[in-house]
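# Per-entry structural report
One-letter residues, chain by chain:
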Amino acid sequence: QVQLVESGGGLVQAGGSLRLSCAASGRTFSSTFSSYAMGWFRQAPGKEREFVAAISRSGGNTYYMDSVEGRFTISRDNAKNTVFLQMNSLKPEDTAVYYCAAAQAGALRTIVVLTTGYDYWGQGTQVTVSS
């Protein structure tokens, strides 16, 4: 069994903050979470799923979509098999279902930005930003 479970979504006013968490569990991740590059994606109603942020296996390399650069921060705790997305200065256009994903990666600094590059996905958590 492989599970990625997101939490921390909710309703927030524009300008507010939320912190999303994604906990990995199951035989695949129990001792090998640090072998996976992780990413966050989002999907708004009627739109395709889009890349938001990614982090390398060690956490030493990160990458963001332009519209969230400087407002969102991705991080990970390999001891707790968890990846986070700190979202500040939220805007109504950030409203979407947010998904975390895991990609088996060989190199320590590998970043994965394409949906097709990911092996496992969570079920998503809703983030709604009111104006």
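The structure presented is a predicted model; accordingly, all values stated were derived computationally and were not measured.

Attention shifts here to the overall build of the protein chain. In terms of regular secondary structure, the protein chain is built from 1 helix and 11 strands. For 131 residues, the compact-globule estimate of 2.2 N^0.38 gives 14 Å, and the C-alpha radius of gyration of the protein chain, at 14 Å, lies within 12% of that figure. For the protein chain, the spread of C-alpha atoms along the principal axes amounts to about 40 × 25 × 25 Å. The proportion of buried residues among the 131 residues of the protein chain is 41%. Residue pairs in contact within the protein chain that sit at least 24 positions apart in sequence constitute 61% of those at least 6 positions apart. Total accessible area computed for the protein chain in this model is approximately 6600 Å², and 47% of it derives from carbon and sulfur atoms. Across the protein chain, the mean location of the 11 positive side-chain charges is 7 Å away from that of the 9 negative side-chain charges.

Attention now goes to the pairing of strand 8 (residues 82-87). Within strand 8, 5 of the 6 residues are buried, which leaves the element mostly enclosed by the surrounding structure. As paired strands, strand 3 (residues 18-26) and strand 8 are joined by 6 bridges and run antiparallel to one another. For Ala 23, the partnering residue across the bridge sits in strand 8 and is Thr 82. Summarising the sheet, strand 7 (residues 72-77) and strand 8 pair through 6 bridges and their orientation is antiparallel. Bridging from a neighbouring strand, Asp 77 pairs with Thr 82 of strand 8. With antiparallel pairing between neighbouring strands as the criterion, strand 7 and strand 8 make up a hairpin whose turn holds 4 residues, including Asn 81 at a positive phi of roughly 50 degrees.

Quick look at the packing of aromatic side chains now. Counted according to the given criterion, the structure contains 6 aromatic pairs. Residues Phe 41 and Tyr 118 carry aromatic rings whose centres are separated by 5.3 Å and whose planes lie at 85 degrees to one another, so their mutual orientation is edge-to-face. Of the two residues, Phe 41 sits in strand 4 (residues 36-43) while Tyr 118 sits in the loop between strand 9 (96-104) and strand 10 (120-121), which places them 77 residues apart along the sequence. For Phe 41, a relative accessible area of 0% gives the class buried. Judged by relative accessible area, Tyr 118 falls into the buried class, the value being 6%. Site record: aromatic cluster; members linked through ring pairs are Phe 41, Phe 51, Tyr 63, Tyr 118 and Trp 121. Between the NZ or CZ atom of Arg 19 and the centre of the ring of Phe 84, over which it lies, the distance is 4.0 Å. Arg 49 extends its terminal NZ or CZ atom over the ring of Trp 121, reaching a point 4.9 Å from the ring centre.

Quick look at a nonpolar patch on the surface now. On the surface, a cluster of nonpolar side chains totalling about 290 Å² of accessible area is made up of Tyr 63, Val 113 and Leu 114. On the basis of relative accessibility, which here comes to 34%, the residue Val 113 falls in the partly exposed class.

What counts, and at which threshold
- Residues numbered from 1 in each chain as written.
- Predicted model: local features only at pLDDT ≥ 70, side-chain atom pairs only at ≥ 80, totals over all residues.
- Heavy atoms only, no water.
- Helix = DSSP H or I, 4+ residues; strand = E, 2+ residues; numbered from the N terminus.
- Rg over C-alpha atoms; globule rule 2.2 N^0.38 Å.
- Buried < 20%, exposed > 50% of the residue type's maximum accessible area, 1.4 Å probe, protein only.
- Contact = heavy atoms within 4.5 Å.
- Areas by Shrake-Rupley, 256 points an atom, 1.4 Å probe, with all protein chains shown as cover.
- Lys, Arg positive; Asp, Glu negative; His and termini not counted.
- Charge placed at Lys NZ, Arg CZ, Asp CG, Glu CD.
- Pairing = 2+ DSSP bridges.
- Phe/Tyr/Trp six-rings, centres within 6.5 Å; stacked < 30°, edge-to-face > 60°.
- Lys NZ or Arg CZ within 6 Å of the ring centre and 35° of its normal.
- Patch = residues over 30% accessible without salt bridge, like charges linked within 9 Å, V, L, I, M, F, W, Y side chains within 5 Å.
- Salt bridge = Lys/Arg side-chain N within 4 Å of Asp/Glu carboxyl O.

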